[in-house]
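This is what each chain is made of:
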Amino acid sequence: MHPLKSWRVLPPAGAPLSLAGMIRALGARPEGDALGELKRTLGRMFAMPHVFLCGSGREALANLFTVLRGLHPERDRVLLPAFGSYSLPSAVVKAGCRVGLYDLEPDTLLPRMDSLDRALDDRCLAVVACHQFGFTFDLAPMERLCRTVGVALIDDAAQALGASANGRPAGTMGDAGIFSLSRGKNITAVSGGVCITRNEELAEGMAALAARNSVAPPSARRLSALSILFAKALALWALRRPALYRVPASLPWLQLGASLFDPHFSQAAFTPFQAGLTLHSLARLEALTSARAANAAAYQELLRDSTVARPIPPQRDTIPAYLRFPLLPGEGAPEGWARRAANRSLGVSRGFPLALHYLEELIPHLDTGGATYPGASFLTRHLITLPTHDHVRPEDRRAIARHILTRTDRAEAPAAPASSRWNAKTKEGARP
């Protein structure tokens, strides 16, 4: 048995909240300027003239696609990475668009440019680039490709707030950028999303859409919403502690950590209370990112000589946000490596359960032309992630590394056949 107490459960991901931040945020009144202060802070932070606050990251994406569709009604397809959050196609379908896909290179999590090139045509409305698990990369090659066909590039930094590539912050390397403030991200406002852009046409459309959707609720309803948000924040602050996380983790109806395809999600206003929470967390972002990087470096060292586990390296000249620490099987990994390695108590989790082209509910909305996505399929079968958040202690890291090395040691099972390891030469991977 690993040295952690039997009751203790590490969350696979999560952003910290503080009582001081919550109490301070309670003082952010509707008639005050907390929302304006947050917009100005984010505008300075990313050198962006236009900042929009939304109820969630997927709402921000859906609004962007709606505006783009209004500007280019002849285009209706949005290209997404085939391995990614189910919130992405939810936003596309919510905006009345079709979903196209491109493949990823498992060894780097970068887009396969040949796959993206084949998917681009005059029906494409936008391409979404995602910094998976906070591993950022330079979007310049994607940007050049998009420009050739007049397609908007959306820099989805939902998992990468605080990351950068070649000195450019994640979220600023496209026509518009997206951040998420949900409970499993780098910082949280319980929920919420941000869209930033320097594109004047997009900004005008986003502002007009926000004005149409803006309805000031009665004061009684505002008070009720504030009470619910505060209760959720308090629950997140308390229950994400490893000593208590077993309680919410044991309730399946909470669907903690689940990625859900739901194009019928409701839109919500971003409140002054959430603005106060975000401002408090932004002041700590650099320290939080450094702490995640320290955990990642410790995992790298603990697994340095392993033949069964292979960390995905960050790109050169990048500063990752390390939302989670991704691993792939090494040459000595047995069949079923990811299944063996997953461990709820230690916060070791699988990636997305299905690549998007295998998601049954999404199939009616897919427009892929029969393309295949072996890299994405490989990642769903073989990738695992390790927790990097503030509750991970040195003894946790050692227990996690020991678990991975003993549960997936080659001596326990024969080495995996070539079909379960990514073949960089032939670009083939196993189907789920």
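In this report, the structure presented in the accompanying data block is examined. For clarity, every value in this text was computed on a predicted model and none was experimentally measured.

1. Let's talk about the nonpolar core
If you look at the biggest cluster of nonpolar residues, it comprises 94 residues, and the most contacted ones within it are F65, V127, I154 and L386. The next biggest cluster of nonpolar side chains, apart from the first, holds 34 residues, and it includes A34, L42, M48 and V194.

2. A few points about the packing of aromatic side chains
In the structure shown here, the tally under the stated rule is 6 aromatic pairs. A centroid spacing of 6.1 Å and a plane angle of 65 degrees characterise the contact between F230 and F273, whose relative ring orientation is edge-to-face. A residue pair is termed long-range when its members are at least 10 positions apart, and F230 in helix α8 (residues 219-239) and F273 in helix α10 (residues 272-282) qualify at 43 residues. Taking relative accessible area as the criterion, F230 reaches 23% and is therefore assigned partly exposed. F273 gets classed as buried once you look at its relative accessible area, which sits at 2%. Seen in terms of ring centroids, Y299 and F325 are 5.5 Å apart; in terms of plane orientation they differ by 35 degrees. Their pairing is tilted. Pair noted here: Y299 is in helix α11 (residues 285-302) and F325 is in strand β14 (residues 324-329), with a separation of 26 residues, a long-range link. Accessibility assignment for this pair places Y299 and F325 in one class, buried.

3. Digging into the sheet that holds strand β3 (residues 98-102)
Strand pairing in a sheet is mediated by backbone hydrogen bonds. Such pairs are either parallel or antiparallel. Within the open sheet, the 7 strands sit side by side as β1-β11-β10-β7-β6-β2-β3. Their pairing is mixed. Two strands close off the open sheet at either side, each with one partner strand: β1 (50-54) and β3. Going from strand to strand, the sheet's axes swing by 25 degrees on average, the running direction of each strand aside. Strand direction decides the pairing type here: β1 and strand β11 (residues 193-197), joined by 5 bridges, are antiparallel. Among the inter-strand pairings, H50 is bridged to a residue of β11, identified as T197. Along the sheet face, helix α2 (residues 34-46) touches β1, β10 (176-180) and β11 and points at about 130 degrees away from the line of β1. Against the sheet, helix α3 (residues 57-71) touches β1, β2 (77-81), β6 (124-130), β7 (152-156), β10 and β11, its axis set at about 160 degrees to β10.

4. A look at the pattern of salt bridges
In this structure the tally under the stated criterion is 18 salt bridges. A salt bridge links R77 to D121; the nearest nitrogen and oxygen atoms lie 2.6 Å apart. You can see R77 sitting in strand β2 and its partner D121 sitting in the loop between α5 (113-119) and β6, a full 44 residues away along the chain. For D121, a relative accessible area of 28% puts it in the partly exposed group. Residues D103 and R112 are paired through a salt bridge, measuring 3.4 Å at the closest nitrogen-oxygen approach. Pair check on accessibility: D103 and R112 agree, each one buried. Where salt bridges share partners, they join D76, R77, D121, R123 and D367 into one cluster.

5. Observations regarding the packing of α3 against helix α7 (residues 200-213)
At a minimum axis separation of 9 Å, α3 and α7 run at an interaxial angle of 115 degrees. Our classification of the angle between α3 and α7 gives roughly perpendicular. Note on packing geometry: the crossing formed by α3 with α7 is right-handed. Two secondary-structure elements touch here, α3 through A60, N63, L64, T66, V67, L68 and L71 and α7 through E201, L202, G205, M206 and L209. Residue classes in the contact of α3 with α7 are distributed as 8 nonpolar, 3 polar and 1 charged.

6. Topic: empty space enclosed by the protein
Rolling a probe over the atoms, with the probe sized like a water molecule, indicates the empty space that remains. Tallied over the full model, the rule gives 4 cavities of 30 Å³ or more. In this model, the largest cavity occupies a volume close to 60 Å³. Considered class by class, the residues forming the lining of the largest cavity number 3 nonpolar, 4 polar and 2 charged. For the second largest cavity, the calculated volume is near 50 Å³.

7. Description of helix α14 (residues 394-407)
With 14 residues, α14 should cover 20 Å at 1.5 Å per step; its first-to-last C-alpha distance of 20 Å lies within 8% of that length. When we look at burial in α14, the residues that qualify are D396, R397, A399, I400, A401, H403 and I404. Packed against the buried residues of α14 are α11, β12 (309-311), β14, α12 (337-341) and β16 (384-387).

8. Points about helix α13 (residues 374-382)
With 8 of 9 residues buried, α13 lies mostly within the body of the structure. For α13, the full list of buried residues reads P374, G375, A376, S377, F378, L379, T380 and H382. Looking at the buried positions of α13, the neighbouring elements they touch are β4 (104-105), β14, α12, β15 (349-350) and β16.

9. Here's the deal with the side chain of T188
With respect to the helices, strands and loops of the structure, T188 is situated in the loop between β10 and β11. From its side chain, T188 meets the backbone oxygen of L181 in a polar contact 2.9 Å long. Of the polar contacts made by the side chain of T188, one reaches the backbone oxygen of S182; its length is 3.1 Å. What T188 contacts, discounting residues up to four positions off in sequence, is A15, P16, L17, L181, S182, R183, L277 and S281.

10. Notes on the environment of A126
The residue A126 is located in strand β6 in this model. Among residues more than four places away in sequence, those in contact with A126 are F65, L68, R77, V78, L79, V151, A152 and I154.

11. Comments concerning unusual backbone geometry
In this model, N166 sits at a positive phi of 50 degrees, which is unusual for a non-glycine residue. Within the secondary structure, N166 sits in the loop between β8 (164-165) and β9 (168-169).

Rules used in this analysis
- Residues numbered from 1 in each chain as written.
- Predicted model: local features only at pLDDT ≥ 70, side-chain atom pairs only at ≥ 80, totals over all residues.
- Heavy atoms only, no water.
- Core = buried A, V, L, I, M, F, W, Y, C linked by side-chain atoms within 4.5 Å.
- Buried < 20%, exposed > 50% of the residue type's maximum accessible area, 1.4 Å probe, protein only.
- Phe/Tyr/Trp six-rings, centres within 6.5 Å; stacked < 30°, edge-to-face > 60°.
- Helix = DSSP H or I, 4+ residues; strand = E, 2+ residues; numbered from the N terminus.
- Pairing = 2+ DSSP bridges.
- Axes fitted to C-alpha atoms, helices over the stretch in contact; angles between N-to-C directions.
- Contact = heavy atoms within 4.5 Å.
- Salt bridge = Lys/Arg side-chain N within 4 Å of Asp/Glu carboxyl O.
- Parallel < 35°, antiparallel > 145°, perpendicular 65-115°, else oblique.
- Left-handed = near helix turned anticlockwise from the far one by under 90°.
- Nonpolar A, V, L, I, M, F, W, Y, C, P; charged D, E, K, R; others polar.
- 1 Å grid on protein atoms, 1.4 Å probe; cavity = no way out; pocket = protein on both sides within 12 Å on 5 of 7 lines; lining within 4 Å.
- Points joined across faces, edges and corners; volume = space filled by probe spheres on them.
- Expected span 1.5 Å × (residues − 1).
- Polar contact = N/O pair within 3.5 Å; in protein donor to acceptor, adjacent residues only side chain to side chain.

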